[in-house]
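Examining the three-dimensional arrangement
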Amino acid sequence: MYQLVLLVHIIVAVCLIALVIVQQGKGATMGAAFGAGASQTVFGSRGSGSFLLRLTIGFVFIFFTTSIALNYISTEQYKQVKQGAVKELSVPALPKIPTR
């Protein structure tokens with residue numbers, strides 16, 4: 001279960017990074033330098049704001065959900081290991097040292 005949530009978390013993190021890099025910031029004209037004013041023609045005349053923004057929000061929600069799930073799973077596993085280790089440990093008897 002932990003590995004599955006971790007895999008989803010990593011995939012979502014990579015997708016989120018890619019989406020943030022693709023989006024154009026407010027007032028950013030670096031994309032227009034390469035296309036000579038046609039930087040928003042890929043997503044239509046209105047631009048990519050609405051679609052990419054909703055997609056980013058979805059990935060952010062999944063990312064935070066998997067972060068909380070990973071924290072919960074690891075905490076529960078730690079509690080089980082800690083309780084099991086305390087119950088299984090026994091105090092060994094001290095060896096008797098011969099006296100002269």
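What counts and what doesn't
- Residues numbered from 1 in each chain as written.
- Predicted model: local features only at pLDDT ≥ 70, side-chain atom pairs only at ≥ 80, totals over all residues.
- Heavy atoms only, no water.
- Helix = DSSP H or I, 4+ residues; strand = E, 2+ residues; numbered from the N terminus.
- Buried < 20%, exposed > 50% of the residue type's maximum accessible area, 1.4 Å probe, protein only.
- Contact = heavy atoms within 4.5 Å.
- Areas by Shrake-Rupley, 256 points an atom, 1.4 Å probe, with all protein chains shown as cover.
- Core = buried A, V, L, I, M, F, W, Y, C linked by side-chain atoms within 4.5 Å.
- pLDDT = per-residue confidence, 0-100.

Within the chain one finds three helices and zero strands. For the chain, the residues scored as buried account for 13% of the 100 residues in total. Sequence separation of at least 24 residues holds for 82% of the intrachain contacts in the chain that already meet a minimum separation of 6. Accessible surface computed for the chain: about 8700 Å², of which carbon and sulfur atoms make up 69%.

Formed by Val12, Leu16, Leu19, Leu52 and Phe59, the largest nonpolar core amounts to five residues. For this core, the leading source of residues is helix 1 (residues 2-22), giving three residues.

What follows covers the confidence of the model for the chain. Within the chain, residue pLDDT values average 77, and 68% of them lie at 70 or more. Taking the mean pLDDT of every element in the chain, the minimum, 55, falls on helix 2 (residues 30-35) and the maximum, 92, on helix 1.

What follows is about the side chain of Thr66. Note that Thr66 resides in helix 3 (residues 49-88). Residue Thr66 is classed as buried on the basis of its relative accessible area, which comes to 9%. Among all residues touching Thr66, those that are not within four sequence positions of it are Val5, Val8 and His9.

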